[in-house]
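Topology and contacts: notes
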Amino acid sequence: QVQLVQSGAEVKKPGASVKVSCKTSGYTFTKYHMHWVRQAPGQGLEWMGWINPASGGTYYARRFQGRVTMTRDTSVSTVYMEVSRLESDDAAVYFCARESLPAARPYDYWGQGTLVTVSS
Amino acid sequence: DIQMTQSPSSLSASVGDRVTITCRASQSIDSDLSWYQQTPGKAPKLLIYAAYVLQTGVPSRFSGSGSGTDFTLTITSLQPEDFATYYCQQSYNTPRAFGPGTRVDIK
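Below is a short write-up of the structure. Since the structure is predicted, the reported quantities are computational estimates derived from the model, not experimental observations.

Comments concerning the nonpolar core
If you look at the biggest cluster of nonpolar residues, it comprises 41 residues, and the most contacted ones within it are Trp36, Met48 and Met81 of chain A together with Phe98 of chain B. Residue contributions to this core peak at 5 residues, all from strand β9 (residues 92-99) of chain A.

As structure tokens, this is what we get:
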């Protein structure tokens, strides 16, 4: 069965970086784009960008360009999302979500979420 | 960028009620719209995609309609497990914006 398992919670200081992993199993890793979505405490869902695991190509939301990097390691079927120069507003739960293939390309599988706390 | 809005932002309903949530896009997105349900502490769950297609395993009391800019999620006969927050999302282009969410709680 399809599984997306994310790395554990992180506590970081302002200005530091954090790298979250999303290990996949149960499907062909290179066949589906992976997106990242975050959710600040008590807030809605914010789309961050996507990575094409086959090519490594990426697309980032404008507000994250220059500060977010998405990568992948095909040997372990894992995608990574790194946020640099953390600010207090980056405190959130970060989700990876697989983009499905049917019409409208929805997210059919999600990781469990990774809580990132930013505190001095 | 396409902006997504939802109404209402929250509603109170009773078990057995019919609930309707509206989602509007700032420009036409054809039928490239999905609906997700999220309960506290959990990842969102896909309910409907392509505006009206029910995801496998989702109960038939959920339905979606609309195209272009205006969309609706309907829950007939609300069940206790349906009390959650619902989000729409467009996949017409990037950035893949979500609506702000509609919280459905118990009256």
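On we go from here.
Regarding the layout of surface pockets
Each pocket or cavity is described by its volume, and for the largest pocket that value is around 440 Å³. The wall of the largest pocket is formed by 28 residues, among which Gln39 of chain A together with Gln38, Thr39, Pro40 and Gly41 of chain B lie closest to the centre. Looking at the lining of the largest pocket, the elements that each hand over two or more residues are β9 of chain A together with β9 (85-90) and β10 (102-106) of chain B. Of all the elements, β10 of chain B adds the most residues to the lining of the largest pocket, at 5 residues. Along the lines of polarity and charge, the residues of the lining of the largest pocket split into 13 nonpolar, 12 polar and 3 charged. Counted as a void, the second largest pocket has a volume near 350 Å³. What lines the second largest pocket is a set of 13 residues, among which Glu46 and Trp47 of chain A together with Gln3, Pro95 and Ala97 of chain B lie closest to the centre. Within the lining of the second largest pocket, the residues separate by chemical class into 8 nonpolar, 1 polar and 4 charged.

Quick notes on the rules
Residues numbered from 1 in each chain as written. Chains lettered and ligands numbered in written order. Predicted model: local features only at pLDDT ≥ 70, side-chain atom pairs only at ≥ 80, totals over all residues. Heavy atoms only, no water. Core = buried A, V, L, I, M, F, W, Y, C linked by side-chain atoms within 4.5 Å. Buried < 20%, exposed > 50% of the residue type's maximum accessible area, 1.4 Å probe, protein only. Helix = DSSP H or I, 4+ residues; strand = E, 2+ residues; numbered from the N terminus. 1 Å grid on protein atoms, 1.4 Å probe; cavity = no way out; pocket = protein on both sides within 12 Å on 5 of 7 lines; lining within 4 Å. Points joined across faces, edges and corners; volume = space filled by probe spheres on them. Nonpolar A, V, L, I, M, F, W, Y, C, P; charged D, E, K, R; others polar.

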